[in-house]
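Breakdown of the fold
The lines below spell out each chain.
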Amino acid sequence: MARQSLFKEFLLFVKHEKKWWMIPLISVLLIVGFLIVFASSSPLAPFLYPLF
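All values derive from a computational prediction rather than experimental measurement.

Here is what the cut-offs are and how they apply
- Residues numbered from 1 in each chain as written.
- Predicted model: local features only at pLDDT ≥ 70, side-chain atom pairs only at ≥ 80, totals over all residues.
- Heavy atoms only, no water.
- Helix = DSSP H or I, 4+ residues; strand = E, 2+ residues; numbered from the N terminus.
- Buried < 20%, exposed > 50% of the residue type's maximum accessible area, 1.4 Å probe, protein only.
- Areas by Shrake-Rupley, 256 points an atom, 1.4 Å probe, with all protein chains shown as cover.
- Patch = residues over 30% accessible without salt bridge, like charges linked within 9 Å, V, L, I, M, F, W, Y side chains within 5 Å.
- Salt bridge = Lys/Arg side-chain N within 4 Å of Asp/Glu carboxyl O.
- Contact = heavy atoms within 4.5 Å.
- pLDDT = per-residue confidence, 0-100.

Moving on to the overall build of the protein chain. In terms of helices and strands, the protein chain carries 3 helices and 0 strands. Tracing the protein chain from N to C terminus, the helices and strands come up as α-α-α. Out of the 52 residues in the protein chain, the part that is buried amounts to 12%. In the form shown here, the protein chain has an accessible surface area of approximately 4900 Å², with 75% of it arising from carbon and sulfur atoms.

This is how it looks when you write it as structure tokens:
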């Protein structure tokens, strides 16, 4: 439940403050973080290392 309210609060902040540039920035940071976690605990790690 807290995750949904955090996401909703973030979207309301972006809408109210007109900071639309934050959406792609946060998205890219989440994707990179997911790739790092996935690369460290996966047998596919050697194939993901060239991306970094």
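Picking up where we left off.
The next subject is a nonpolar patch on the surface. Together, Trp21, Leu25, Ile26, Leu29 and Leu30 give the surface a local cluster of nonpolar side chains, amounting to about 530 Å² of exposed area. Note that isoleucine 26 resides in helix α2 (residues 22-40). A relative accessible area of 32% places isoleucine 26 in the partly exposed class.

Here lysine 18, not a glycine, exhibits a phi torsion of approximately 60°, which is positive. By the secondary structure assignment, lysine 18 is in the loop between α1 (2-17) and α2.

Turning to the environment of valine 14, a few remarks are in order. Position of valine 14 among the secondary structure elements: in helix α1. When near neighbours in sequence (up to four residues on either side) are disregarded, valine 14 contacts Lys19, Trp20 and Ile23.

Residues with a pLDDT of 70 or more make up 87% of the protein chain, whose mean pLDDT is 82. Within the protein chain, α2 carries the highest mean pLDDT (86), whereas helix α3 (residues 45-48) carries the lowest (71).

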